[in-house]
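Understanding the architecture of this molecule
In case you want the letters, here they are:
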Amino acid sequence: MRTIQAEVIGNKLEALRKQSPLVHNITNYVVMNSTANILLSLGASPVMAHALEEVEEMAGLAQALVLNIGTLSPAWVEAMILAGKTAHKKNIPIILDPVGAGATSYRTETAKRLLTELPVSVLRGNAGEIMACAGVQGQTRGVDSQTDSLDAIDQAQAIARELKITVAMTGKTDIVTNGETTYLVKNGHPMMSRVTGTGCASSAIVGAFCGIGDDPLSDTAAALAIFGFAGECAAIHIDGPGQFWSNLLDELYKIRPSDLPGGVRIEKHA
Amino acid sequence: MRTIQAEVIGNKLEALRKQSPLVHNITNYVVMNSTANILLSLGASPVMAHALEEVEEMAGLAQALVLNIGTLSPAWVEAMILAGKTAHKKNIPIILDPVGAGATSYRTETAKRLLTELPVSVLRGNAGEIMACAGVQGQTRGVDSQTDSLDAIDQAQAIARELKITVAMTGKTDIVTNGETTYLVKNGHPMMSRVTGTGCASSAIVGAFCGIGDDPLSDTAAALAIFGFAGECAAIHIDGPGQFWSNLLDELYKIRPSDLPGGVRIEKHA
Amino acid sequence: MRTIQAEVIGNKLEALRKQSPLVHNITNYVVMNSTANILLSLGASPVMAHALEEVEEMAGLAQALVLNIGTLSPAWVEAMILAGKTAHKKNIPIILDPVGAGATSYRTETAKRLLTELPVSVLRGNAGEIMACAGVQGQTRGVDSQTDSLDAIDQAQAIARELKITVAMTGKTDIVTNGETTYLVKNGHPMMSRVTGTGCASSAIVGAFCGIGDDPLSDTAAALAIFGFAGECAAIHIDGPGQFWSNLLDELYKIRPSDLPGGVRIEKHA
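Everything quoted here is computed from the prediction, not taken from an experiment. All residue numbers refer to positions counted from 1 along the written sequence of the respective chain. For this description, chains carry letters from A and ligands carry numbers from 1, given in the order in which they are written. With pLDDT at 70 or above as the cut-off, local features in this predicted model cover only qualifying residues; side-chain atom pairs require 80 or more to be listed or tallied, and sums for whole chains, interfaces and linings still use all residues. The side-chain values count all of the structure's non-hydrogen atoms but skip hydrogen atoms and water molecules.

**Some thoughts on the overall build of chain A**
Defined as follows: The secondary structure listing takes helices from DSSP runs of H or I that are at least 4 residues long and strands from runs of E that are at least 2 residues long, numbered from the N terminus. For the radius of gyration, the atoms used are the C-alpha atoms, and the globule rule reads 2.2 Å times the number of residues raised to 0.38. Throughout this description, buried means an accessible area under 20% of the type-specific maximum (1.4 Å probe, protein chains only), exposed means over 50%, and partly exposed covers the range between. Whether two residues are in contact is decided by their heavy atoms: any pair within 4.5 Å suffices. What sets the accessible areas is the Shrake-Rupley method with a 1.4 Å probe; for residues, cover comes only from the shown protein chains.
Along chain A, the regular secondary structure elements total ten helices and eleven strands. In terms of overall dimensions, chain A is globule-like: its C-alpha atoms have a radius of gyration of 17 Å, near the 18 Å expected for 270 residues. Within chain A, the proportion of its 270 residues that are buried is 66%. Across chain A, the fraction of contacts at a sequence separation of at least 24, relative to all contacts at a separation of at least 6, is 71%. Accessible area for chain A stands at about 9,100 Å²; split by element, carbon and sulfur atoms hold 48% of it.

Here it is in structure tokens:
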């Protein structure tokens, strides 16, 4: 098989909408609203909860746990650990978005700690962030990466093997790899980087797909392809980022399995 | 009188825009921005403040206090209690939105504690949340209810009587009752559940109307009818939730008393 | 020179887009998302970080630091001080937005403390907030000012001289003064006060312009003129605040130096 068939991706999308998985997000303040709206538009059920008093119970209700360190602080990191341990016991997937890893030591160390203490299924970030998580001196500036992610296939694979997880290194082309099999997702649009929270949203969507699937590698590739394709559709006939964001929610809501053949562009890396 | 006349609701709306009540929200991170925009679009003045150092003073400036436990944590709960005590002294209405009560013990217990320690005027939630507040085993899943709220009129009335408050149990039909008189608000649109924070926004709008009125029962029914009607108007000619949200703000801004006859649908329950 | 030439403002805009300055925001929960989107639309790079563990390092990466007390609490204030000291060492501009100063003692005292302990470059607020920062009994109500800012030119100048900073007192006409030279920025649209966070967004834009410039006075006037002009363009053909917000992001994205002559309206005050 040279790729993931559009039909397979369509089936995942249908299953997601039927099951409407509860995705527990412990995420940053900037994107809480936008992440919730992205998940609702797609057909998933978002919940945000960070109190030590309830994260275990909430994670226990969820089909996926998404941890995002975009505006981290110590109490939130402890909550992530607690929720993650429940996710582990319940065997639901944990997605880690190491926002800004490499930019500050606190973010880098926290991302590494979460990867060490929790059985993360998918690590989704840009090239600089992923490399920082693996101890490679990256080029993170603030929360944006300066690295062309295509140069980084080998490194993504090595990191996936070392950490025994699925790595989703997103950029112009998204690299999704478990260290053995690697997919290149070529969907997406430059306008996605002109609105805040699309990276975080992609991690949440990965959470939703992994929450209803059983193969993090193909679930992640499917999630990123659908999100990128929705972004392409949303960028048609727009004046700027305001209209784009509104369209992006609409496209995630409207997208149907029959739209996917000819729409999603996933290649298996030789 | 078989219902609340559209003219009465129109008068409330005019009064709200004239007075632009300051609504102090101690609410969740997800909906702070959207709640502020909803209130501004309608013509009210939102303020968010949660520090123990200032909540009493801020509540002292407000015409209504809206407490929302959507992303609660201990310090925020203490702030809610403090602000609520000021609201009590000043005799301004307190609206409680028990987001996710029933989903975790912490939320259920916190909602109950707020109801016990503060003279809440209006409890606004979905059926599962309201029942959890009253100790009824509900069916809350995450922050979404699975109960058809129409089945719950008797329970809503019983809870209102027991707690001596106005209960607004929202769903396909909204039940607004003080235990003696009950209104059924039949406005609204399914798309409202495809954007985050519409429930929270409805609580804030209830706060704005109660802040300028003196009858929580009819003020709450009016608020929910206007919000639901705006939702119906916003759902015309849309592609999805992105456009819907933008339209919803526009409709709240544009809605005029003369639009209400034939628009708002409130029935008095026999 | 009777004003700041449109060409000069256009050059600043071009420089901003070329350099895409990293603007470190320690801001309130309500506007984190909207502020990030405003900065991205304009062409700057936002980052939000508030943990004591990382604010020094993050401020050290930034070209400007924007402090906003809209939902302050003690730990955040300490973070502002820490980040501000790094900004001072690095000689990057600090912009202070004293949201709600005058409404509660905690906000007033915090704003004063930040002004005392940090070398703030620009103080951006409405008339009531600015006067509260200077110990003048203002008329702040919640987070909205009731003062006509044009009456306040003398006071703005006196405050700028006393604090040795640039004061940007925004309202129908924006007063930008370092105590010696004063510009009146006459751009803007009433609809800007019907969406939340435009004041906060203006402070962030001031941060972006100051981050790439070396003259806080003209950088601030340019920032406010461009933002106000974008607001005017965004208000054409709209139904309400929802469409306005979307347009505002689009206009900031589309605005070109060639649009500025005849668009920006800055007068030098005699």
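**Concerning the packing of helix 2 (residues 32–42) of chain A against helix 10 (residues 241–254) of chain A**
Residues and elements named next belong to chain A. Using the following cut-off: Under this scheme, a helix contributes an axis fitted over its contacting stretch, all axes are lines through C-alpha atoms, and angles between N-to-C directions fall in the 0 to 180 degree range. Residues are grouped as follows: Ala, Val, Leu, Ile, Met, Phe, Trp, Tyr, Cys and Pro are nonpolar; Asp, Glu, Lys and Arg are charged; all remaining types, including Gly, are polar.
At their nearest, the axes of helix 2 and helix 10 sit 7 Å apart, and the two run at 35° to each other. Of the residues in helix 10, those touching helix 2 at Ser34, Asn37, Ile38, Ser41 and Leu42 are Trp245, Leu248, Leu249, Leu252 and Tyr253. Of the residues belonging to the contact of helix 2 with helix 10, the class tally is seven nonpolar, three polar and no charged.

**Considering the relation of the copies chain B and chain C**
Spelled out, the test is: When the copies are superposed, the least-squares fit takes in the C-alpha atoms of residues with a pLDDT of at least 70 in both.
Each copy of the sequence occupies a distinct position, and chain B is placed on chain C by a rotation of 120° and an axial shift of 0.0 Å, giving an RMSD of 0.0 Å. What the rotation and shift describe, once combined, is the action of a three-fold rotation axis. By C-alpha distance to the rotation axis, the residue of chain B lying nearest is Tyr29(B), at 3.8 Å. Counting the interface residues of chain B, we find that no more than 3% of their copies in chain C are interface residues as well, pointing to two distinct contact surfaces.

**Examining the packing of aromatic side chains**
We count it as follows: Centres within 6.5 Å are what make two rings of Phe, Tyr or Trp a pair, Trp counting through its six-membered ring; a difference in plane orientation under 30 degrees is then read as stacked, over 60 as edge-to-face, and the rest as tilted.
By the definition in use, this model includes nine aromatic pairs over all chains. Relative to Trp76(A), the ring of Tyr29(A) lies with its centre 5.2 Å away and its plane at 75°, an arrangement referred to as edge-to-face. Here the residue Tyr29(A) occupies a position in the loop between strand 1 (22–26) and helix 2, and Trp76(A) occupies one in helix 4 (residues 74–90), the gap between them amounting to 47 residues. For the pair shown, Tyr29(A) and Trp76(A) are each scored as buried. With centroids separated by 5.9 Å and ring planes inclined at 50°, the aromatic side chains of Trp76(A) and Tyr29(B) adopt a geometry described as tilted. Within this pair, whereas Trp76(A) is found in helix 4, its partner Tyr29(B) is found in the loop between strand 1 (22–26) and helix 2 (32–42), the two belonging to separate chains.

**Observations concerning the sheet that holds strand 4 (residues 94–97) of chain B**
Residue and element names in this part refer to chain B. Heads up, the rule is: Only strands that DSSP links by at least two bridges are regarded as paired with each other.
Within the open sheet, the nine strands sit side by side as 2-1-3-4-5-8-9-10-11. Their pairing is mixed. For this open sheet the edge positions go to strand 2 (45–48) and strand 11 (266–268), each flanked by a neighbour on one side alone. Strand-to-strand twist of the sheet, defined as the mean angle between neighbouring strand axes without regard to direction, takes the value 20°. In this structure, strand 10 (residues 182–185) lies alongside strand 11, joined through three bridges in antiparallel fashion. For Val185, the partnering residue across the bridge sits in strand 11 and is Ile266. Where helix 2 meets the sheet, it contacts strand 1 and strand 2, and its direction lies at approximately 160° from that of strand 2.

**Concerning the relation of the copies chain A and chain B**
For the pair chain A and chain B, the relating rotation is 120°, the translation along its axis is 0.0 Å, and the fit reaches an RMSD of 0.0 Å. A share of only 3% of interface residues in chain A that are also interface residues in chain B marks the association as one of differing surfaces.

**What about the interface of chain B and chain C?**
Bring the parts together and some accessible area is lost; that lost area is often taken as the interface size. Quick note on the threshold: When two parts are brought into contact, each loses some accessible area as probed by a 1.4 Å sphere; the total of that loss over both is the buried area. Salt bridges are defined by distance alone: a side-chain nitrogen of Lys or Arg within 4 Å of a carboxyl oxygen of Asp or Glu. Any N or O atom pair separated by 3.5 Å or less is treated as a polar contact, with the protein-specific requirement of one donor-capable and one acceptor-capable atom, and with residues adjacent in sequence counted only for side-chain atom pairs.
Opposite the 32 residues of chain B that make contact, chain C presents 28 residues. Taken together, both faces of the contact between chain B and chain C bury some 2,400 Å²; the carbon and sulfur share is 55%. Of all residues in chain B, Leu40(B), Glu54(B) and Tyr253(B) give up the largest surface area on contact with chain C, accounting jointly for 21% of the area buried on that side. At the junction of chain B with chain C, the criterion picks out two salt bridges. One salt bridge connects Lys254(B) with Asp239(C), and the closest N-O pair in it is separated by 3.5 Å. Taken together, chain B and chain C are joined by 13 residue pairs in polar contact (both at pLDDT 80 or more). Elements with a minimum of two residues in the side of chain B that touches chain C: helix 2, strand 2, helix 3 (55–61) and helix 10 (241–254) of chain B. The greatest single-element share of the side of chain B that touches chain C, amounting to seven residues, is contributed by helix 2 of chain B.

**Brief notes about the pairing of strand 8 (residues 166–170) of chain C**
Every regular strand shows the same layout, with side chains that alternate between the two sheet faces. Residues and elements named next belong to chain C. For strand 8, the tally of buried residues reaches five of five residues, placing the bulk of the element in the interior. Residue alternation in strand 8 divides its side chains into two sets, Thr166, Ala168 and Thr170 and Val167 and Met169, and both sets are buried. Two strands pair when backbone bridges link them, and strand 5 (residues 122–126) and strand 8 are joined in this way by five bridges, in the parallel orientation. Residue pairing across strands places Val122 opposite Thr166, the latter belonging to strand 8. Two strands pair when backbone bridges link them, and strand 8 and strand 9 (residues 174–177) are joined in this way by three bridges, in the antiparallel orientation. Residue pairing in the sheet places Val167 in a bridge with Thr177 of strand 9.

**With respect to the side chain of Asn37(C)**
Relative to the elements of secondary structure, Asn37(C) occurs in helix 2 (residues 32–42). Overall, the relative accessible area of 9% leaves Asn37(C) in the buried class. Within the structure, the side chain of Asn37(C) is placed 2.7 Å from the backbone nitrogen of Thr196(A), a separation counted as a polar contact. The contact partners of Asn37(C), leaving out residues within four places of it in the chain, are Arg194(A), Val195(A), Thr196(A) and Leu249(C).

**Structural notes on helix 4 of chain A**
Residue and element names in this part refer to chain A. The cut-off we apply is this: For a helix, the expected span equals 1.5 Å multiplied by the residue count minus one.
Compared with the 24 Å implied by 1.5 Å per residue over 17 residues, the 25 Å span of helix 4 between its first and last C-alpha is a close match. Those residues of helix 4 that fall on the buried side of the exposure criterion are Trp76, Val77, Ala79, Met80, Ile81, Ala83, Gly84, Thr86 and Ala87. Each element contacted by the buried residues of helix 4 is listed here: strand 1, helix 2, helix 3 (55–61), strand 3 (64–68), strand 4 (94–97) and helix 5 (105–117). One or two positions beyond helix 4, positive phi appears at Asn91, with a value near 60°.

**Quick notes on the pattern of salt bridges**
Taken as a whole, this structure holds 27 salt bridges over all chains when the rule is applied. Among the salt bridges present, the one from Glu54(C) reaches Arg107(A), with a minimum N-O distance of 2.8 Å. Of the two residues, Glu54(C) sits in the loop between strand 2 (45–48) and helix 3 (55–61) while Arg107(A) sits in helix 5, which places them in two different chains. We note that Glu54(C), like Arg107(A), is buried. If you follow the salt bridges from partner to partner, you end up with Glu78(A), Arg113(A) and Glu117(A) in one network.

**Concerning helix 10 (residues 241–254) of chain C**
Owing to its 3.6 residues per turn, the α-helix brings residues three or four apart onto one side. Its 14 residues place the ends of helix 10 of chain C 19 Å apart at the C-alpha level, agreeing with the 20 Å of an ideal helix rising 1.5 Å per residue. Burial analysis of helix 10 of chain C places eleven of its 14 residues in the buried class, the great majority of the element.

**Digging into the side chain of Asn68(A)**
All names here are of chain A. One can find Asn68 in strand 3. The exposure class assigned to Asn68 is buried, which follows from its relative accessible area of 2%. Of note is the side chain of Asn68, whose polar atom sits 2.9 Å from the side chain of Asn28. Looking at Asn68, its side chain comes within polar contact range of the main-chain nitrogen of Gly70, at 2.9 Å. Residues contacting Asn68, with those up to four places away along its chain left out, are Ile26, Thr27, Asn28, Met80, Asp97, Val99 and Cys200.

Just geometry here; none of it tells us what the structure is for.
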